[in-house]
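# Structural overview
In case you want the letters, here they are:
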Amino acid sequence: MTTRDAKARRSDHRTRLTVWVALSANLVIAAAKTAGGLIAGSPALLSEAAHSVADTLNEVFLLASLRRSRRPADRRHPFGYGKERWFWSLLAAVGIFVMGGCFSFFQGYQALAGHHGEPSSRYAVGLAVLGVALLAEGTSLLRALHQFRTHGKDGRDPALRTVLGEDSAAVLGVAFAMTGMSLHLATGEAVWEAGASFAIGLLLVYVAYRLGREARDQLIGQAVDPVLASRIRELLAAQPEIDNVAALLTMRLGPDSALVAARVDLVPGLDSEEVELVSERIKRTVARRWPEVDQVFLDITEAPIGEEG
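The numbering scheme is per chain: residues are counted from 1 as the chain's sequence reads. For a predicted model such as this one, the threshold for reporting local features is a pLDDT of at least 70, and the threshold for listing and counting side-chain atom pairs is 80 or more; totals across whole chains, interfaces and linings nevertheless cover every residue. The basis for the side-chain values is all heavy atoms of the structure; hydrogens and waters are excluded.

### A look at the confidence of the model for the protein
Per-residue confidence for the protein averages 84 on the pLDDT scale, and 90% of its residues sit at or above 70. Scored from 0 to 100, pLDDT reflects the predictor's confidence in each residue. Each helix is a run of H or I in the DSSP string that is no shorter than four residues. Each strand is a run of E no shorter than two, and both are numbered from the N terminus. When mean pLDDT is compared element by element in the protein, helix α7 (residues 226–238) scores highest at 94, while helix α1 (residues 3–40) scores lowest at 79.

Here is the structure:
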């Protein structure tokens, strides 16, 4: 196993543990919120229950992405399956929007239409459930933030970014629900809970949009970071055999995999054997400097003699 593969496995293990923490928290919280919402008859709490159900399903998607994206390359997929990470992240974004956002809007409408009863002492049960949920969601968020800050490269993993987005939205969503329920209980006005449900819905739609846009960009072929691309170009241009870097194209193939295709003009006078040796040396140099750039292609031409110097 190469050093790069070992690092990738360690990164996957950290992310998988973070996803399992989030899944465990959301599974318990979803059941508690659903029971509390039905007992209290609270639209805001039911909105949060739908939010947690969506997050639970999404964590299952993310675990599938971690397993499937590490399959080795084959004839049908010569560059591997790294983009599965973003495909499953896109499905998670759709789940957040449909199951979380849309249901929250529906609950807000129901509250405004008067389909929920007056607040009662059972609201104390709902608020207690939300208090426990806040602790659980906060713990999961702290775990994801710790991984993001401690292991910088893990931040490119769409699974980790999705968990961060979900947990951040979950903490805010719980705060909205607690505020709406408390104001409804204090004033007797259901509009506060309706507002909380709409706020939760808007929050989830925003998170889904951000995650979905990022996944879309990567799935259709996004370039590597401009700083990395600039450094690769500089390295190529610094090679004594390269007269000019005519074009440099890059594409992210996975969280720790990238493709580089460069069209370069070599100085005149190199024979075919020298060209081949130069090409292999440059590829090894790029791969050694940036292990994530595991696919390097050079389109080599010889600069006209009149352009030398």
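On we go.
### Focus: the environment of F97
Inspection of the secondary structure assignment puts F97 in helix α3 (residues 84–112). In this structure, the C-alpha to C-alpha distance between F97 and T34, residues 63 residues apart in sequence, is 19 Å. In this view, F97 contacts C102, V205 and A208; residues no more than four positions away in its chain are not counted. When checking whether two residues touch, look at their non-hydrogen atoms; a contact exists if any pair is within 4.5 Å.

### Quick word on the pattern of salt bridges
Any Lys or Arg side-chain nitrogen located within 4 Å of an Asp or Glu carboxyl oxygen qualifies as a salt bridge. Summed over the entire model, instances satisfying the criterion amount to nine salt bridges. For D256, the salt bridge identified is with R70, shortest N-O distance 2.9 Å. Placement of D256 in the loop between β1 (242–254) and β2 (257–266) and of R70 in the loop between α2 (43–68) and α3 is noted, with a sequence separation of 186 residues between them. Whether a residue is buried, partly exposed or exposed follows from its accessible area with a 1.4 Å probe, protein chains only, as a fraction of its type maximum: under 20%, in between, or over 50%, in that order. Relative accessible area serves as the criterion here: at 18%, D256 is assigned to the buried category. Its salt-bridge partner being D217, residue R216 comes within 2.7 Å of it at the nearest N-O pair. Several salt bridges converge on common partners, so that one network encompasses K33, E48 and E137.

### Description of the packing of α2 against helix α5 (residues 158–187)
Relative to each other, α2 and α5 sit at 170 degrees, their axes nearing to 10 Å. With respect to α5, the element α2 is oriented roughly antiparallel. Taking contact as the criterion, the partners of A44, L45, E48, H51, D55, N58, E59, L62, S65 and L66 in α2 are, on α5, A159, T162, V163, E166, A169, A170, G173, V174, A177 and M181. Classifying every residue of the contact of α2 with α5 gives eleven nonpolar, five polar and four charged. The angle between two axes is taken between their N-to-C directions and runs from 0 to 180 degrees, where each axis is a line fitted to C-alpha atoms and a helix contributes only its stretch in contact. Any angle between 65 and 115 degrees counts as roughly perpendicular, while under 35 counts as roughly parallel, over 145 as roughly antiparallel, and the rest as oblique. Think of it as three bins: nonpolar holds Ala, Val, Leu, Ile, Met, Phe, Trp, Tyr, Cys and Pro, charged holds Asp, Glu, Lys and Arg, and polar takes everything else, Gly as well.

### Re a nonpolar patch on the surface
Note on patches: the residues involved have over 30% relative accessible area and no salt bridge, like charges join within 9 Å, and the nonpolar side chains Val, Leu, Ile, Met, Phe, Trp and Tyr join within 5 Å. Per-residue and other accessible areas were derived by the Shrake-Rupley procedure at a 1.4 Å probe size, with only the shown protein chains allowed to occlude residues. On the surface, a cluster of nonpolar side chains totalling about 240 Å² of accessible area is made up of V94, F97 and V98. Relative to the elements of secondary structure, V94 occurs in helix α3. The exposure class assigned to V94 is partly exposed, which follows from its relative accessible area of 44%.

### Describing the packing of aromatic side chains
Between rings of Phe, Tyr and Trp, where Trp is taken as its six-membered ring, a pair exists when centres lie within 6.5 Å; planes separated by under 30 degrees are stacked, by over 60 edge-to-face, and by other angles tilted. Applying the stated criterion across every chain yields a total of five aromatic pairs. Taking 5.7 Å as the distance between ring centres and 45 degrees as the angle between the ring planes, the aromatic pair formed by F61 and W88 counts as tilted. With F61 in helix α2 and W88 in helix α3, this pair connects stretches of sequence that are 27 residues apart. Comparing F61 with W88, the two get one shared label, buried. Relative to W88, the ring of F87 lies with its centre 5.5 Å away and its plane at 80 degrees, an arrangement referred to as edge-to-face. The buried category is assigned to W88, whose relative accessible area is 16%. Feature note: the residues F61, F87 and W88 constitute an aromatic cluster, connected by ring pairs.

### Considerations on the nonpolar core
We define the nonpolar core as a collection of buried residues of types Ala, Val, Leu, Ile, Met, Phe, Trp, Tyr and Cys that are connected through side-chain atoms lying within 4.5 Å of one another. Ranked by internal contacts, the top residues of the largest apolar core, which has 22 residues, are I232, L236, I242, I282, V286, W290 and V293. Counting residues per element, the ones that place at least two in this core are α7, β1, β2, α8 (272–289) and β3 (293–302). Every residue in contact with I232, bar those within four places of it in the chain, is listed here: L248, V260, W290 and V293. Within the second largest apolar cluster, 21 residues are counted, among which are A40, L45, V174 and I200.

### Notes on α7
Compared with the 18 Å implied by 1.5 Å per residue over 13 residues, the 18 Å span of α7 between its first and last C-alpha is a close match. Turning to α7, its buried residues are L228, A229, I232, L235 and L236. Burial along α7 is one-sided: seen end-on, the buried residues are contained in an arc of 125 degrees. Every exposed residue of α7 that faces more than 90 degrees away from the buried side is listed here: P226, E234 and A238. A distance of 2.8 Å separates the backbone nitrogen of V227 from a side-chain oxygen at the start of α7, and that oxygen is part of D225. Multiplying 1.5 Å by the residue count of a helix minus one yields the expected span of that helix. Along the arc lie the directions from the helix axis toward the C-beta atoms. The term polar contact refers here to a pair of N or O atoms within 3.5 Å; inside protein, the definition further demands a hydrogen-donor-capable atom paired with an acceptor-capable atom, and it admits residues adjacent in sequence only when both atoms are side-chain atoms.

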